[in-house]
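# Residue-level structure breakdown
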Amino acid sequence: MERQSTLAREVAYSGIGLHSGREVKVRFLPAPADTGILFERIDLPGRPRVPAQAACVTQTMRATTLEAGEAKVFTVEHILAAFSALNLDNCLIEIDSMEPPVADGSALPFLELLAEAGRCEQQALRSVYCIEEAFIVRDGNRFISILPYDGFRITFTSVNPHKAIGIQFADVKITKDLFWREIAPARTIGFVHEIEVLQAQGLALGGSMENAAVYDENGAVNVLRFSDELVRHKVLDVVGDLALAGPIKGHVVAVSSGHALNTKLSQLIAAARQGGCA
């Protein structure tokens, strides 16, 4: 039977938030078994906390937002994807702002940081929910589903009208090594024509050529890490958003899904979850 795990030691990271543009510091601390991943807003009176659970999702525009009482954090998906890929179950994340640092726009810096902290096995058993029946969430031609599968696999088709992007396809079995090499480095995607609109909405204030793959009307304006970086980042987001349902075994099949559909699927899985399997 697999056991739960936490960090072997605390680690810290600082930088600016992608959407807020504000300087923020986070500390990742070991936590007892059955804590889960817990965000603590140390900048607020009483240091309120919000767990990384599907039921706490309150907004999904451009990022996933978690909220419980006075505690609110958004753009959590990259951090959660790193925890999921490393099979880390329990951690207290102290954060002094509403949004974690964007780092380089991918999950890689967080993956490296958490790996550097090390993994400490705990006595409590780990519950991995095996999907036994299909779940699906639709919105027009966009959907995300999960089917029974012995492992964690994601098949994603991204359809984008941009002439330099078009249709991108990924089919990957998520393991620590594959995620590290092929998915974690993929950055969030931005478009030059959207920047002013997003900033008027208070979003992407910390975005730059250093933390996003940016496109203009002709193509990428900075060097891509992968020719299909967009769909790889979509897979990254699915890993992070589905982490809100806890560890799972299943085959995700999605077309043009985003945070809204991803987190709705997480909520369906979390509601159906009644135990686990090794």
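For the structure itself, look to the data block above.
Owing to the predicted nature of the structure, the values given are computational and were not obtained by experimental measurement. (Residues numbered from 1 in each chain as written. Predicted model: local features only at pLDDT ≥ 70, side-chain atom pairs only at ≥ 80, totals over all residues. Heavy atoms only, no water.)

Bridge count for strand β12 (residues 135–139) against strand β13 (residues 142–147) is five bridges, and the pairing is antiparallel. Its bridge partner being in β13, arginine 138 is matched across the sheet by phenylalanine 143. One ladder, built from five bridges, connects β13 with strand β18 (residues 248–255); its direction is antiparallel. If you follow isoleucine 144 over to β18, its bridge partner there is alanine 254. (Pairing = 2+ DSSP bridges. Helix = DSSP H or I, 4+ residues; strand = E, 2+ residues; numbered from the N terminus.)

A separate point is the sheet that holds strand β2 (residues 11–16). Strand order in the open sheet formed by five strands is β2-β3-β9-β4-β5, with mixed pairing between adjacent strands. Two strands close off the open sheet at either side, each with one partner strand: β2 and β5 (49–51). Pairwise comparison of adjacent strand axes, ignoring direction, gives a mean angle of 20° for this sheet. For β2 and strand β3 (residues 23–30), the ladder comprises six bridges, and the chain directions are antiparallel. If you follow valine 11 over to β3, its bridge partner there is phenylalanine 28. Taken strand by strand, helix α2 (residues 108–117) contacts β2 and β3, and its axis lies near 160° from that of β2. (Axes fitted to C-alpha atoms, helices over the stretch in contact; angles between N-to-C directions. Contact = heavy atoms within 4.5 Å.)

Further remarks concern the sheet that holds strand β6 (residues 57–59). Strand order in the open sheet made by the three strands is β6-β7-β8, with antiparallel pairing throughout. For this open sheet the edge positions go to β6 and β8 (71–74), each flanked by a neighbour on one side alone. Put simply, the sheet's adjacent strands are angled 35° from each other on average, direction ignored. As defined by bridge partners, β6 adjoins strand β7 (residues 65–68) across two bridges and the pair is classed as antiparallel. Across the sheet, residue glutamine 59 finds its bridge partner in β7, namely threonine 65.

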